[in-house]
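Reading the structure
Listed below, chain by chain, are the residues.
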Number of protein chains: 2
Amino acid sequence: MGILSIDFGGTQTRVAWFDSHLTMQVRKDSRTRREDGIAAVIGRIITLARDVMPEPGKDSLQAIGICAPGPQAYTGIILNASTLPGWDQIPLAKIISEALGAPAYMENDANLGALAEYHRGAAQGADPALYLTVSTGIGGGAVINGHLFTGWQGMALEPGHMKFRHPDGQFYSLEALASGTGIGRLARVRLAAYHTPSVLRALAVVDGRAVGEAAAQGDALAREVITESGEWLGWGLLSLVHLFNPRVIVMGGSVSLLGDLILAPARRILAENVIDPLFLPADLIRPAQLGDDVCLIGAAMHARAQFEAHK
Amino acid sequence: MGILSIDFGGTQTRVAWFDSHLTMQVRKDSRTRREDGIAAVIGRIITLARDVMPEPGKDSLQAIGICAPGPQAYTGIILNASTLPGWDQIPLAKIISEALGAPAYMENDANLGALAEYHRGAAQGADPALYLTVSTGIGGGAVINGHLFTGWQGMALEPGHMKFRHPDGQFYSLEALASGTGIGRLARVRLAAYHTPSVLRALAVVDGRAVGEAAAQGDALAREVITESGEWLGWGLLSLVHLFNPRVIVMGGSVSLLGDLILAPARRILAENVIDPLFLPADLIRPAQLGDDVCLIGAAMHARAQFEAHK
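Residues numbered from 1 in each chain as written. Chains lettered and ligands numbered in written order. Predicted model: local features only at pLDDT ≥ 70, side-chain atom pairs only at ≥ 80, totals over all residues.

1. Comments concerning the overall build of chain A
For chain A, the count of helices and strands is nine helices and 12 strands. The C-alpha atoms of chain A give 20 Å as radius of gyration, which agrees with the globular expectation for 311 residues (19 Å, within 12%). Dimensions along the principal axes, computed over C-alpha positions, put chain A at roughly 65 × 45 × 30 Å. Taken over 311 residues, chain A has a buried fraction of 51%. Sequence-distant contacts in chain A: of pairs separated by 6 or more residues, those separated by 24 or more amount to 64%. (Helix = DSSP H or I, 4+ residues; strand = E, 2+ residues; numbered from the N terminus. Rg over C-alpha atoms; globule rule 2.2 N^0.38 Å. Buried ≥ 20, exposed ≤ 12 C-beta atoms within 10 Å, placed from the backbone. Contact = placed C-beta atoms within 7 Å.)

2. Considerations on helix α2 (residues 92–100) of chain B
Two residues of an α-helix separated by three or four positions point the same way, owing to the 3.6 residues in each turn. Residue and element names in this part refer to chain B. By the burial criterion, the buried members of α2 are Leu92, Ala93 and Ile96. One face of α2 carries all of its buried residues, which in axial projection span an arc of 95 degrees. The inward-facing, buried residues of α2 contact α1 (38–52), β4 (61–68) and β5 (104–108). Looking one or two residues past α2, Gly101 carries a phi angle of roughly 75 degrees, positive in sign. (Arc of directions from axis to C-beta.)

3. Here we look at the interface of chain B and chain A
A common way to express how large an interface is: the accessible area buried when the components associate. Taken together, the contact pairs 34 residues of chain B with 34 residues of chain A. Of all the secondary-structure elements, those providing two or more residues to the side of chain B that touches chain A are β9 (163–165) and α7 (220–244) of chain B. The class makeup of the residues in the side of chain B that touches chain A is 21 nonpolar, eight polar and five charged. (Nonpolar A, V, L, I, M, F, W, Y, C, P; charged D, E, K, R; others polar.)

4. Digging into unusual backbone geometry
With an omega of -15 degrees, the peptide bond running from Ala156 of chain A to Leu157 of chain A counts as cis. Secondary-structure assignment places Leu157 of chain A in the loop between β8 (147–149) and β9 (163–165). At Asn245 of chain A, a residue that is not glycine, the phi angle is positive and equals roughly 40 degrees. Relative to the helices and strands, Asn245 of chain A resides in the loop between α7 (220–244) and β11 (248–252). In this structure, Arg33 of chain B is a non-glycine residue whose phi angle is positive, near 45 degrees.

5. Concerning the sheet that holds β8 of chain A
Residues and elements named next belong to chain A. A sheet is described by the order of its strands in space; here five strands give the open sequence β8-β7-β6-β11-β12, paired in mixed fashion. Since the sheet does not close on itself, it has two edges, and those belong to β8 and β12 (285–287), each with one partner. Ignoring strand direction, the axes of neighbouring strands in this sheet form an average angle of 30 degrees. Direction of pairing for strand β6 (residues 129–134) relative to strand β7 (residues 138–144): antiparallel, over a ladder of six bridges. (Pairing = 2+ DSSP bridges. Axes fitted to C-alpha atoms, helices over the stretch in contact; angles between N-to-C directions.)

6. Observations concerning the relation of the copies chain B and chain A
Expressed as a screw transformation, the operator carrying chain B onto chain A has a rotation angle of 180 degrees and an axial translation of 0.0 Å, and the superposed copies differ by an RMSD of 0.1 Å. Both chain copies can therefore be described as sitting about a two-fold axis. Same-surface contact between copies: 100% of interface residues of chain B are shared with the interface of chain A. (Least-squares fit on C-alpha atoms with pLDDT ≥ 70 in both.)

7. A word on the pairing of strand β5 (residues 104–108) of chain A
Residues and elements named next belong to chain A. For β5, the tally of buried residues reaches five of five residues, placing the bulk of the element in the interior. When strand β4 (residues 61–68) meets β5, the two strands line up parallel, connected through five bridges. Each bridged residue has a counterpart across the sheet, and for Ala68 the counterpart in β5 is Asn108. Chirality of the crossover, the property in question, places the unit of β4, helix α2 (residues 92–100) and β5 among those that are right-handed. (Right-handed = clockwise from strand over helix to strand, strands pointing away.)

8. Thoughts on the domain arrangement of chain A
Residues and elements named next belong to chain A. What the domain assignment lists for chain A is domain 1 (2–113 + 292–310) and domain 2 (124–288). A separation of 27 Å is found between the C-alpha centroids of domain 1 and domain 2. Between domain 1 and domain 2, the contact holds 11 residues from the first and 15 residues from the second. Considering each element in turn, the side of domain 1 that touches domain 2 owes the most residues, four residues, to helix α3 (residues 109–120). (Domains from an automatic or database assignment.)

9. Notes on the confidence of the model for chain A
Reading fine detail from the predicted coordinates is not recommended where pLDDT is low. Taken as a whole, chain A shows an average pLDDT of 94; of its residues, 100% reach a score of 70 or greater. The ipTM for the predicted assembly is 0.93, set against a pTM of 0.94. (pLDDT = per-residue confidence, 0-100.)

10. A word on the sheet that holds strand β2 (residues 12–18) of chain B
All names here are of chain B. Spatially, five strands are ordered β3-β2-β1-β4-β5 in an open sheet, and the strand pairing comes out mixed. Among the strands making up the open sheet, the edge pair consists of β3 (24–31) and β5. For this sheet the average axis-to-axis angle between neighbouring strands, irrespective of direction, equals 15 degrees. Contacts between α2 and the sheet are confined to β1 (2–8), β4 and β5, with β4 contributing the most and set at about 150 degrees to the helix.

11. Concerning the environment of Ile96 of chain A
Residues and elements named next belong to chain A. By the secondary structure assignment, Ile96 is in helix α2. Classification of Ile96 as buried rests on a count of 22 C-beta atoms within 10 Å. Residues Ile96 and Ile42, 54 residues apart in the sequence, show an inter-C-alpha distance of 8.1 Å. Residues within four places of Ile96 in sequence aside, it is in contact with Ile45, Ile46, Ile64, Ile66 and Ala104.

12. Examining the packing of α7 of chain B against helix α8 (residues 260–273) of chain B
Residue and element names in this part refer to chain B. At their nearest, the axes of α7 and α8 sit 7 Å apart, and the two run at 45 degrees to each other. If you check the angle between α7 and α8, you find them oblique. In the packing of α7 onto α8, the handedness of the crossing is right-handed. Counted together, Ile226, Thr227, Ser229, Gly230, Glu231, Leu233, Gly234, Trp235, Leu237, Leu238 and Val241 of α7 and Leu261, Ile262, Leu263, Ala264, Pro265, Ala266, Arg268, Ile269, Leu270 and Asn273 of α8 form the full contact between these two elements. Residue composition of the contact of α7 with α8, grouped by class: 14 nonpolar, five polar and two charged. (Parallel < 35°, antiparallel > 145°, perpendicular 65-115°, else oblique. Left-handed = near helix turned anticlockwise from the far one by under 90°.)

13. As for the packing of helix α5 (residues 180–193) of chain B against helix α6 (residues 208–216) of chain B
Residues and elements named next belong to chain B. Taken N-terminus to C-terminus, the directions of α5 and α6 make an angle of 75 degrees; their axes are 7 Å apart at the nearest point. Relative to α6, α5 is oriented roughly perpendicular. Contacts from Gly180, Thr181, Ile183, Gly184 and Ala187 of α5 reach α6 at Gly208, Arg209 and Val211. Across the contact of α5 with α6, the residue classes break down as three nonpolar, four polar and one charged.

In structure tokens:
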């Protein structure tokens, strides 16, 4: 009995088949193409799913795991995902379950990332384990006492929505200050406010990726932006450290791949402000190990566990 | 078999005897009198303890619960408590255990507050349950899946040590912005910076209590200060809500007794900034029910549970 795993995001959709040992056997990717409309997108997910499923007789479908953005409150519906507007009216888990004829369990992408990194990645044996994914947005998940922590209504954790007061006088979410989107915005503000030379001035689009690349090449303005975002990330991590006293914080997502450019300022804020060094074991912050497969793996594990719990 | 419970704070020491049903039978209080030195303070704790214990033959001592401030990292030593300087060299739980001849289990005061309010107070049946005590400092505790959540090294939660950037350009801990100590400081800053009339100008000492009393009487400057602290409290609660998705947040401590003066601005910040109203059930924030006995009750429960787990 195998598990079908679906990683559904605003940009990319990934589908994989896991065998009875939860080993990934086949995987297919496709661009989500939201512009085609909700019905077409769902139809393509189901087609992709059928593509990776084994022929009848070789193996059978036990359960479906779905990984999706945004807090979902155990509804099987994608609520509040900025990357998937309009989807909060769609009972996605129910539709996929009925189309494929097996129970479907949907969970937040960062929560499943935490589960996967805890069981098979950088957080093995670490409890509590926090997982942060910093890319277009900022998501997070926690494993506490060996179990995924989801809070009262399944909406924990949303670390990207801690808010901080910026020197400009406004309060911004951590996501607006330290995600790829936030990095792009902070760079555009600096380019408009100052005359500092920068390779970014020659670009038509100044987004997080462009700023990261310019910083890696040594552009001074881009480095200032990444340092500022790293410091905001540090203030966010400081709250997480004082609230959860985690054994490990796994950092995933494209922005985390900037490495010390963004993490060194974050570590400095942590070290300067933590109330006791016991909160900061040397290997507290670790890079994610499971790469692009993290949500597929987490969704497969979650579906298996939910199926076993409900059968 | 009864439990001796000790609530040891920088200002007050309380000691109580709980019978086998964990019902409080006798309680004695004493001012801590830190100025007498550590040995004298410990001697007085032990004398108080012997005063509340039943006569030999009537009941016997099973275990000792000790409630103390600061993160303690399972050491039985009070680390980092601003209200008890110098105590981080003293193996307090060990000394009391040896003096009274029973195992002693020490835990952070706000963690034990969370446990007590979850089992017998305002958080019954609510999971996750957070408890915040806002008085001289700000402490916090959480019950998750029915168990006290203490993190990797026993140091969770420290919500008073989330940090926020103030308009003056510095980062301050929530404790420095919204505790009684913080309220006093913010008032002194305003009194020095502005010429606004205020009843506080006639006082020799402007502390949190004085500001609270002046605000309750309608003093405009005092109300502005309490409103500012309430808003900072709101930003702290916003992070807690987005990170833990709690069913309830129980508010204890003397500053919480200011009620809507401080909680209305906090609720406004929460309502204006939460990403989904599902995070804010109408009865999310509730006043603590157990009053001054909260830590004695929590320490007794904790000692019984630890004794059962280790026997």
